Amino acid sequence: MIIEILYPSFGNLFGESSGYLYLERCVKLNFPQAEIVRTEINDRPAFADRDVDLVYMGGMTESQQEMSIAALKPFKSRIEQLIDAGTIFLAFSNSVELFLSYIQDGDRKIEGLGLFKEYSARYMMNRYNGIVLAEFEGMKLTAFKTQFSMIYGDNSSEYMCKILKGIGNNKDTQLEGLRRKNFMGTEMVGPLVILNSDFTVYLLKLLGAEKPALVEEEAARAAYAQRLKEFEDPARVVVNSH
Amino acid sequence: MKKNARFFAALWTAKLAALGLKALRRNASYFPGRLALKICPDFMGRVDKPQRIVAVTGTDGKTTTCNLLGDILTDQGEKVLSNKLGSNIDAGIATSLALGASVSGKAKYKTAVFEIDERSSRKIYPYVQPDYLICTNLSRDSVGRNAHPEYIFNFINSAVPKKTKLILNGDDMISCRLAPGNEHEYYSIARMPSDRTKSDNLFNDAALCPVCHAPLVYDYVRNHHIGHAHCPSCGFESPKAKYTADVDLEKGTMKLAGQNFDLKTDTIYFAYDELAACALLLEAGYSADAISRSLKKIHIVESRYLQKTVAGKTVIGSISKGKNPEACSSVFNAVRSEKGTKEVLLMLDDKFDQKNSVENICWQFDADYQFLADPSIEKVAVVGPRCLDVKLALLLGGVSPDKIVTSFDTQKGPDLLPLKAEKIYFLYDNYYYPAPARSLYDRIIKRVEEKEASK
């Protein structure tokens, strides 16, 4: 089994510095022989030449988004091939935007990898922040949004989850993220894998674990239960005016 | 810019508003300026300003550096205008300028020291052009407001006036690259025995060369991207500092420009603030001897750092800026580096977010809780609504579960610690000071005293 973390030196904003480490630890707990590959921006990705099982990316700066698009562009057809073959891709926070057709930043149009027809629009002076309660594969995800961009385009046939509280790809939709086979891309941050034990269990099952075990599962589930209670409380608003 | 009728209306309204608020014993540091800007949007450009303006910006250490600068200059006999008691955004600066001017709009002060919020740069610098600007550092801060360091870097970089001389932290691999076209000098703390060659933080926002993106090699690293680095690929390197200090935290001394300075605390982050203030004053022509003499008389303000020894135990209260993983990590690092056994009480949640929503706690997972897994730390108590999330972060950092206690009720904090260790640390978010942090700190002291009396 091969798990590849793309660009961990910078794709680690918004808690993902622990997010990918947690996933690595959970994978190792269930699959001690698993190989973890951390690929930096000037390296050739492992997925280019090998059949990796999971590729993970976290949030990054806007200039790093552009660097990443340029670095991944030569491997576009390979990524497409892996997605079709069922490889797990996790693209959290604004790393999901790399896979879109383009990112509109004022007058600038930044070409994306074009694996999804949707596009994003950046509003650098208008950051959106809010809580998110989402339904994913029968479970409830607790997460947050903190982003400059909104994603536009009809994702009704390939969304990742339905929003129960908060906003989806943009303020006019409750459909969040992008899903194609095991590609899961979302602007949500958490880190999702730490804050949502059932989601991580789901990923481990996709990787082939029969009885998935999680690192610090008891504490993670207790924290989730408390958070869920608060997220479901109607008195708690999505966007704090503070 | 000329003073017109609208300007005078703004000035007098601001002054009256400040008087009214003071009579009501309310904080008058924001609202008068807000009013002035509403009446006259370019008020800051029209009001007379002190002859010399010093500004301090950066993620951490702004307030302490400003306070030190203001106090030293005051001790040197100067009358200093500042915003030290209030807001650091445009309205706060407008308030200070309005109150620092006569009714005819003439400046009453020769020198101003302003703390400037990084995100307010574009609103302030077009009108208030500092002679000197210190940038203490740039690091991850509130994700909701500040996103990431590059975003804030671009805010400041695009707004710094051409005439401003920058005093930059040469050890900060991000902020050292600000405004390269401006005149600037760097300060730096020379290599210390505690420095490492490999970072043990969860992340480093300057891990890659800003020029060629190859991994930077850190000759030594203190915290995150604070250290000395070079790029083996393209030759990019840390700048050479004019003001390099030899710091000895244990002895509490800093040697700079041939002079010994007292350190106000034994923590590296306060040493940087002190160095920044000293470097600016040296650059402005003050003698090292005079600065050193003034510094001896000054204390770090209570809201930032409290320390008391009771019954042989040292009880320390320290600000540990919530939502800011690098600031918290620096404090955690300082705690683990201290000699002796310790207990730690954490109160880091955002009290505003929690009022009617749920705090985005992603930052907690960027904070280096693994530093609190040090064997010298015998107990970690966590209080506040997000205590279970923090407990999870502590466990992931390797803190033993039997060392962690939690409570949703912040008032229970002092009762959660066994108070057996030699040093008791109470780390709180800045918005918890004075209430409830001050009274909780006093309760810890009282409990230590009671425990001693019952022996």
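A brief report on the enclosed structure follows.

Calculation criteria
Residues numbered from 1 in each chain as written. Chains lettered and ligands numbered in written order. Predicted model: local features only at pLDDT ≥ 70, side-chain atom pairs only at ≥ 80, totals over all residues. Heavy atoms only, no water. Helix = DSSP H or I, 4+ residues; strand = E, 2+ residues; numbered from the N terminus. Rg over C-alpha atoms; globule rule 2.2 N^0.38 Å. Buried < 20%, exposed > 50% of the residue type's maximum accessible area, 1.4 Å probe, protein only. Contact = heavy atoms within 4.5 Å. Areas by Shrake-Rupley, 256 points an atom, 1.4 Å probe, with all protein chains shown as cover. Lys, Arg positive; Asp, Glu negative; His and termini not counted. Charge placed at Lys NZ, Arg CZ, Asp CG, Glu CD. Pairing = 2+ DSSP bridges. Polar contact = N/O pair within 3.5 Å; in protein donor to acceptor, adjacent residues only side chain to side chain. Core = buried A, V, L, I, M, F, W, Y, C linked by side-chain atoms within 4.5 Å. Axes fitted to C-alpha atoms, helices over the stretch in contact; angles between N-to-C directions.

**Some details on the overall build of chain A**
- Looking only at helices and strands, chain A features 6 helices and 14 strands.
- For 242 residues, the compact-globule formula gives about 18 Å, and the C-alpha radius of gyration of chain A, at 17 Å, lands near that figure.
- Its C-alpha atoms give chain A principal-axis dimensions of about 50 × 50 × 30 Å.
- Burial statistics for chain A: of 242 residues in total, 65% are counted as buried.
- Sequence-distant contacts in chain A: of pairs separated by 6 or more residues, those separated by 24 or more amount to 68%.
- On chain A, roughly 8,900 Å² of surface is accessible, and the fraction owed to carbon and sulfur atoms is 48%.
- With 27 positive and 33 negative side-chain charges, chain A shows a spacing of 2 Å between the two charge centroids.

**Section: the environment of B:Ala421**
Residues and elements named next belong to chain B.
- With respect to the helices, strands and loops of the structure, alanine 421 is situated in the loop between helix H14 (413-416) and strand E17 (423-428).
- Judged by its relative accessible area of 0%, alanine 421 is buried.
- Counting along the chain gives 79 residues from alanine 421 to lysine 342, while the straight-line C-alpha distance between them is 4.9 Å.
- The residues touching alanine 421, leaving out its near neighbours within four places in the chain, are Lys313, Thr341, Lys342, Glu343 and Glu378.

**Quick look at the pairing of strand E1 (residues 52-57) of chain B**
Residue and element names in this part refer to chain B.
- Most of E1 sits inside the fold, with 5 of its 6 residues counted as buried.
- In this sheet, strand E3 (residues 111-115) lies alongside E1 in parallel orientation, the contact comprising 5 bridges. Residue valine 54 lies in a different strand from E3, and its bridge partner there is valine 113.
- Note that E1 and strand E4 (residues 132-135) share 4 bridges and pair parallel. Of the residues in E4, the one forming a bridge with valine 54 is tyrosine 132.

**Considering the environment of B:Lys351**
Residue and element names in this part refer to chain B.
- Relative to the assigned elements, lysine 351 resides in the loop between strand E14 (342-347) and helix H12 (353-356).
- Here lysine 351 falls in the partly exposed class, since its relative accessible area comes to 31%.
- With 87 residues separating them along the chain, lysine 351 and arginine 438 place their C-alpha atoms 16 Å apart.
- Polar side-chain contacts of lysine 351 include one of 2.9 Å to the backbone oxygen of tyrosine 431.

**Section: the nonpolar core**
- Counting 127 residues, the largest nonpolar core has A:Leu90, A:Phe199, B:Phe332, B:Leu346 and B:Tyr369 as the members making the most contacts within it.
- Top contributing element to this core by residue count: helix H9 (residues 268-283) of chain B, with 13 residues.
- For B:Tyr369, the residues in contact, after removing those within four places along its chain, are B:Phe332, B:Leu346, B:Leu348, B:Gln364, B:Val390, B:Ala393, B:Leu394, B:Gly397 and B:Val399.
- Among the nonpolar cores identified, the runner-up in size contains 53 residues, and B:Leu81, B:Cys135, B:Leu166 and B:Ala214 belong to it.

**Regarding the sheet that holds strand E4 (residues 88-92) of chain A**
Residues and elements named next belong to chain A.
- With mixed pairing, 6 strands are arranged side by side in an open sheet as E2-E1-E3-E4-E14-E13. With partners counted over all chains shown, the strands left at the sheet margins are strand E2 (35-39) and strand E13 (178-180), one partner each. Sheet twist, expressed as the mean angle between neighbouring strand axes with direction ignored, is 10°.
- In the sheet, E4 pairs with strand E14 (residues 183-186) via 4 bridges, with the strands oriented parallel. Within E14, the position partnered with leucine 90 by the bridge is methionine 184.
- Helix H5 (residues 197-206) contacts E4, E13 and E14 of the sheet and is inclined by roughly 150° relative to E4.

**Regarding the sheet that holds strand E16 (residues 404-407) of chain B**
All names here are of chain B.
- Here we have 6 strands laid out as an open sheet, ordered E12-E13-E17-E14-E15-E16, and mixed in their pairing. The open sheet has two free edges, formed respectively by strand E12 (305-310) and E16, since each of these has just one partner strand. Within this sheet the neighbouring strands show an average axis-to-axis angle of 15°, counted without direction.
- Sheet strands in contact with helix H11 (residues 325-337) are strand E13 (313-319), E14, strand E15 (377-383) and E17, and its direction is about 165° off that of E14.
- Each of E14, E15 and E16 touches helix H13 (residues 387-396); the most contacted strand, E16, lies at about 165° to it.

In short, shape yes, function no, at least from these values alone.
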